[in-house]
Protein chains: 2
Amino acid sequence: MFSKTAEYAIRATIFIAQKSDPDHKIGIEEISKAIDSPASFTAKILQMLTRGQELISSVRGPNGGFFMTAEARKLPLLRVLELVGEDGVLKKCVLGLKECSEEKPCPLHHRYRKLKPELARMFEEMQIGQLAGELDAGATFVGNKGRGAGKRPMPGGSKATR
Amino acid sequence: MFSKTAEYAIRATIFIAQKSDPDHKIGIEEISKAIDSPASFTAKILQMLTRGQELISSVRGPNGGFFMTAEARKLPLLRVLELVGEDGVLKKCVLGLKECSEEKPCPLHHRYRKLKPELARMFEEMQIGQLAGELDAGATFVGNKGRGAGKRPMPGGSKATR
DNA sequence: TAAATAAAAGACAAAAATATCTTTAATTAT
DNA sequence: ATAATTAAAGATATTTTTGTCTTTTATTTA
């Protein structure tokens, strides 16, 4: 379904949404360990996601790292796919035809007509913050190393300004 | 969604289902032109699909080429994906996690729970022959070059034996 | 100001996917 | 039998994706 790039991008974003806030940033090592991805490669991907500091924010130097604002948490998961250039999955023809429409449908078109918008809606409507919340509610990325104790002050509470 | 390999495999299969029968075989050149794919690469892919002559059949030499039996036309489209080793899309975790289940769900699990089976069912229930039929009913692969005249005797009628 | 820290940026490497070309084997027609 | 035709098989080439390593830049702390 998705490339490694997109997978890591989504996983990293959700993890950052869950574990960070403007005064508790996370380093690339911690992120890549938690989401089970190669560190330097993930760093590259995060560069795509920090462009414009719209989705993920970052600061360099001591106590630096990656974090998300409360604003950013409201963005749809689709934004992640867009930033890594993989939103095509949700828009293009399943069979990869350049031309595929109601007038000129590919053989799968009519049967996929219902599903495709549902899939797209899923990524449009799911807010990153919601997904991060569900992670708290039991969903995990890899092995449950480092959970249980880490009761952090729940991001996106009230003080958020940006 | 799918790799080029899978896309070409599906397109070629549907095309062969539509245009061939045991005594009218199609060559790789015609196929690759019709489905807009590189010929030699498509040939390689067809080798995967002819293993065991279960899905696509082939014979060499003059008047040889690729074709499908009436039996084969009843197979689900899923079979194509299986033969090129890409049925994972329908089965594995959207985020690529090794472990992802009801007990240990990834962040997208609960929201994708409905859609995934529907997608899978689509490929399980769609018979290749049906798709080939829809092609006649207006669906196309590429530009409409070579349509209109080619009224061929509608395969899978009655004489099929194997 | 100097040293330490951490991401950004760039160059490079390995692996996988995509694509092409050549040779071989099977089949048919002459 | 020979030549012609067509897919199968194998080898090779190209491109893209994935992954690593090094250098630079920004930031903080001492």
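Residues numbered from 1 in each chain as written. Chains lettered and ligands numbered in written order. Predicted model: local features only at pLDDT ≥ 70, side-chain atom pairs only at ≥ 80, totals over all residues. Heavy atoms only, no water.

Trainee: Break down the relation of the copies chain B and chain A for me, with residues and values.
Mentor: Between chain B and chain A, the superposition needs a rotation of 180° and an axial shift of 0.0 Å, giving an RMSD of 0.0 Å. In symmetry terms, the pair is related by a two-fold rotation axis. When C-alpha distances to the rotation axis are compared across chain B, the minimum falls at Met1 of chain B, with a value of 2.3 Å. Both copies present the same face, since 100% of the interface residues in chain B are matched by interface residues at the equivalent positions in chain A. (Least-squares fit on C-alpha atoms with pLDDT ≥ 70 in both. Contact = heavy atoms within 4.5 Å.)

Trainee: Tell me about the interface of chain B and chain A, residues and numbers included.
Mentor: In this assembly, 39 residues from chain B lie in contact with 39 residues from chain A. Between chain B and chain A, the buried area comes to about 3,500 Å², and carbon and sulfur atoms account for 62% of it. Broken down residue by residue, the surface that chain B buries against chain A is led by Met1, Pro107 and Arg111 of chain B, which jointly contribute 19%. Inspection of the chain B/chain A interface yields 2 salt bridges. At the junction of chain B with chain A, the criterion picks out 4 residue pairs in polar contact (both at pLDDT 80 or more). Going through the elements one at a time, helix H1 (4-19), helix H6 (109-112), helix H7 (115-125) and helix H8 (128-136) of chain B are the ones with two or more residues in the side of chain B that touches chain A. Across the side of chain B that touches chain A, the residue classes tally to 24 nonpolar, 7 polar and 8 charged. (Buried area = accessible area lost by both parts, 1.4 Å probe. Salt bridge = Lys/Arg side-chain N within 4 Å of Asp/Glu carboxyl O. Polar contact = N/O pair within 3.5 Å; in protein donor to acceptor, adjacent residues only side chain to side chain. Helix = DSSP H or I, 4+ residues; strand = E, 2+ residues; numbered from the N terminus. Nonpolar A, V, L, I, M, F, W, Y, C, P; charged D, E, K, R; others polar.)

Trainee: Go over the protein's contact with DNA strand D, please, and point to the residues and values.
Mentor: In the vicinity of DNA strand D, 26 residues are found, and the nearest of them are Pro38 and Pro62 of chain A together with Gly27, Lys44 and Ser58 of chain B. The sugar and phosphate moieties of DNA strand D supply 60% of its atoms located within 4 Å of the protein. Between a phosphate oxygen of DNA strand D and a side-chain N or O atom of Thr5 of chain A, the distance comes to 3.0 Å. Within the contact set of DNA strand D, a base nitrogen lies 3.3 Å away from a side-chain nitrogen or oxygen of Gln47 of chain B. Secondary-structure elements contributing two or more residues to the surface near DNA strand D are helix H1 (4-19) and helix H3 (39-50) of chain A together with helix H3 (39-50), strand S1 (57-59) and strand S2 (65-67) of chain B. Each residue belonging to the surface near DNA strand D can be placed in one class, and the counts come to 9 nonpolar, 11 polar and 6 charged. (Near = heavy atom within 4 Å.)

Trainee: Requested: an account of the confidence of the model for chain A, with residues and values cited.
Mentor: All names here are of chain A. Across chain A, the average pLDDT comes to 87, with 84% of residues at or above 70. Predicted confidence is poor over residues 143-162, with pLDDT under 50, and the contacts of this stretch with residues over four places away or in other chains come to 20 contacts. Predicted complex metrics record ipTM = 0.87 and pTM = 0.87. (pLDDT = per-residue confidence, 0-100.)

Trainee: Give a detailed account of the pattern of salt bridges, specifying residues and quantitative values.
Mentor: If the charged atoms of two oppositely charged side chains come close together, the side chains can form a pair. According to the stated counting rule, one finds 20 salt bridges over all chains in the structure shown. We note a salt bridge from Lys98 of chain A to Asp36 of chain B, for which the minimum N-O separation is 2.9 Å. In this pair, Lys98 of chain A is assigned in the loop between helix H5 (78-83) and helix H6 (109-112) and Asp36 of chain B in the loop between helix H2 (28-35) and H3, connecting two distinct chains. In this structure Asp36 of chain B comes out as partly exposed when scored by relative accessible area, which is 36%. One salt bridge connects Arg113 of chain A with Glu102 of chain A, and the closest N-O pair in it is separated by 2.6 Å. (Buried < 20%, exposed > 50% of the residue type's maximum accessible area, 1.4 Å probe, protein only.)

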